[in-house]
Amino acid sequence: MSTASSTESSSTQPGAAAPVEAPEERTGRVPRRFGALVDRFAPALGAYAVVKAIGMTVFLLLLSHTGDYLTKQPGRGGAATPWDVLGTWDGVWYQRIAEDGYNPQLIPLHGFPLATYYENSAAFFPLYPWLMRLVGAVTGLGTYGSGMVVSVLASLVAAAGIFAIAERLGGFRAGVIAAVLWGLFPGSGVEWAVYSDSLFVALSAWACYCVMTRRWIAAGLLTLVAGLNRPTAAVLIAAVSIAALVALVRRTDGVARPLTAMLVTPWGLLGYVAWVGWKMGDWTGYFKLQQGAWNRYFDGGVSTVRTIRDVLAGHWVYWQANPVPDLIAIVLLIALPGLLVLLWRTRPPLVLWVYTGLTLFTALSTNQIFGNISRYLLPAFPLCIGLAVALRRVRTSSLAGLLATPVLAAGWYAGYALFELGIP
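Per-chain numbering applies: the sequence of each chain, read as written, is numbered from 1 onward. Under the rules for a predicted model, residues below a pLDDT of 70 receive no local features and side-chain atom pairs below 80 are neither given nor counted, while totals for whole chains, interfaces and linings still include all residues. As a convention, hydrogens and water are excluded, and side-chain values are obtained from all of the structure's heavy atoms.

A.B. asks: Even after reading the chapter, I still don't get the overall build of the protein, so can you show me in this structure?
C.D. replies: The helix and strand inventory of the protein stands at 19 helices and two strands. Overall size of the protein, expressed as C-alpha extent along the three principal axes, is 100 × 55 × 50 Å. A buried classification covers 51% of the 424 residues belonging to the protein. Each accessible area value is a Shrake-Rupley result obtained with a 1.4 Å probe; residue values ignore everything except the protein chains displayed when judging cover. Counting every atom, the protein has about 19700 Å² of accessible surface; 66% of that belongs to carbon and sulfur. The way it works is that DSSP assigns letters per residue, a run of H or I at least four long becomes a helix, a run of E at least two long becomes a strand, and they are numbered from the N terminus. Whether a residue is buried, partly exposed or exposed follows from its accessible area with a 1.4 Å probe, protein chains only, as a fraction of its type maximum: under 20%, in between, or over 50%, in that order.

A.B. asks: Which parts of the structure should I look at to understand the side chain of Ser 303?
C.D. replies: With respect to the helices and strands, Ser 303 occurs in helix α14 (residues 302-313). A residue is classified by how much of its surface remains accessible, and Ser 303, at 5% relative accessible area, is buried. We call two residues contacting when some pair of their heavy atoms lies within 4.5 Å. The residues contacting Ser 303, other than those within four sequence positions of it, are Thr 366, Asn 367 and Gln 368.

A.B. asks: Please clarify how the packing of aromatic side chains should be interpreted in this entry.
C.D. replies: Given two aromatic rings, one states the distance between the centres and the angle between the planes to describe the pair. Stacked, edge-to-face and tilted are the three classes for Phe, Tyr and Trp ring pairs, Trp counted by its six-membered ring, which pair at centre distances within 6.5 Å; planes under 30 degrees apart are stacked, over 60 edge-to-face, the rest tilted. Evaluation of the coordinates by the stated rule reveals 21 aromatic pairs. Plain terms: the ring middles of Phe 125 and Tyr 286 are 5.5 Å apart, the flat faces sit at 85 degrees to each other, and that makes the pair edge-to-face. Of this pair, Phe 125 sits in the loop between α4 (90-100) and α5 (127-139) while Tyr 286 sits in helix α13 (residues 285-294); the two residues are 161 residues apart in sequence, bridging distant segments of the chain. Grouped by ring-pair contacts, the aromatic residues Tyr 102, Phe 125, Tyr 272, Trp 275, Tyr 286 and Phe 287 constitute a single cluster.

A.B. asks: Sorry, what's going on with the packing of helix α6 (residues 143-170) against helix α8 (residues 197-212) here?
C.D. replies: Angles run from 0 to 180 degrees between N-to-C directions of axes, and those axes are lines fitted to C-alpha atoms, restricted for helices to the stretch in contact. Direction vectors running N to C along α6 and α8 enclose 30 degrees, while the axes themselves pass 8 Å from each other. When the interaxial angle is binned, α6 and α8 end up roughly parallel. As for how α6 packs across α8, the hand of that crossing is left-handed. Packed against α6, whose contacting residues are Ser 151, Ala 154, Ser 155, Val 157, Ala 158, Ala 160, Gly 161, Ile 162, Ala 164, Ile 165, Arg 168 and Leu 169, the element α8 presents Ser 198, Leu 199, Val 201, Ala 202, Ala 205, Trp 206, Cys 208, Tyr 209 and Met 212 at the interface. Ten residue types, Ala, Val, Leu, Ile, Met, Phe, Trp, Tyr, Cys and Pro, are classed as nonpolar, four, Asp, Glu, Lys and Arg, as charged, and the remainder, Gly among them, as polar. Partitioning the contact of α6 with α8 into residue classes produces 16 nonpolar, four polar and one charged. For this classification, under 35 degrees means roughly parallel, over 145 means roughly antiparallel, 65 to 115 means roughly perpendicular, and everything else is oblique. In this scheme the handedness of a crossing depends on how the near helix is turned from the far one: anticlockwise by less than a right angle means left-handed, clockwise means right-handed.

A.B. asks: Would you explain the nonpolar core in this entry?
C.D. replies: The tendency in soluble globular proteins is for nonpolar side chains to be buried as a group. Buried residues of nine kinds, namely Ala, Val, Leu, Ile, Met, Phe, Trp, Tyr and Cys, make up a nonpolar core once their side-chain atoms join them within 4.5 Å. In this structure, Ile 165, Trp 182, Phe 381 and Phe 419 are the most contacted members of the largest nonpolar core, which totals 126 residues. The element best represented in this core is α8, accounting for twelve residues.

A.B. asks: Would you take a moment to explain the packing of helix α15 (residues 323-345) against helix α18 (residues 382-391) for this structure?
C.D. replies: Between two packed helices, what matters for the description is the angle formed by their axes and the separation of those axes. In the contact formed by α15 and α18, the axes pass within 7 Å of each other and the chain directions differ by 70 degrees. If you check the angle between α15 and α18, you find them roughly perpendicular. For the crossing formed where α15 meets α18, the hand is left-handed. Counting all contacts with α15, which are made through Leu 336, Leu 339, Leu 340, Leu 342 and Leu 343, the residues of α18 involved are Pro 382, Leu 383, Gly 386, Leu 387 and Ala 390.

Right, dumping it as structure tokens:
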């Protein structure tokens, strides 16, 4: 009798003990993994959601108290209800794209010193409105509701990515604190609004995490998709590509995977810019539209330096002066060196350094609305990680007291100041 038949026979004999199922066989691998993911991410996401909900409440209460949104131009901080303010400014453009699609054109505009072309929806990248349309088709929600759903869900994915990166650098507690700090960052009011910022940070954070965990193909694909969301994906493309190049030179992960990541990263961004240029009949059409319609262009930081000088002197005579958001931007710039030192102390990997440095460089070297610096630096989430690691040893009661005022104040400095006292 063979060994196999003996085993089979003994297992069926009367009184023989039944074979014991492994936990994976009894409960399944998927439930176990899902439960582990919940245990890992729930504290960070829960804390982040609470912070955002409190800030949103304060924001809406301020809107209701002042009522200024009722007197402003619709779409420019003006709306019928406080909730609708979250769909103004850029949110109007995204809703139009989700409803009607694109019609890229360069139409000359005359009689305005800083504008040479009419504004056109082609300045806004397509991934976010595509997802808005998809959510609307599945749920039946309108463009505003769909945009809010995408933004809120994307913000949770972004917070999870920030937590995962901070956890690797400073442990579980640092990860939770980092997610909370990102929710309190100046400019974080657009995280729960009809804006594409949360989606971009979600893609960026997980792309960086994939680089840190040597998942090169996933990092490249996430970066490619991010290129369909915002032009600042150029920063992420550079960060992932440089990290992949270093890995390629050092042969730490072979050749194929880092090389593939480098090759796929830019095509989302390049593809959309090329499509706009083709539709306009001008391959530089996207950049002409940004400069001619929105006055956005690279100037090496000249406008930033000039505006900082004017703000510090109390001269509100520069282009798009918004005193409160501009002063908030100054405070953030003052805090930047300290945040960078704290990040340096965590010894972050190259991808985070390149990503953070280029994000800062891009935000400060572009002619723009100065008060928006707080929003343009929102993708620089590693700045929150260094501070989170520094705070991880603070007792929970002390930490709660330390963050209580920012949690309440965020509804003003990150929400009301951005949407009602400035131009996000």
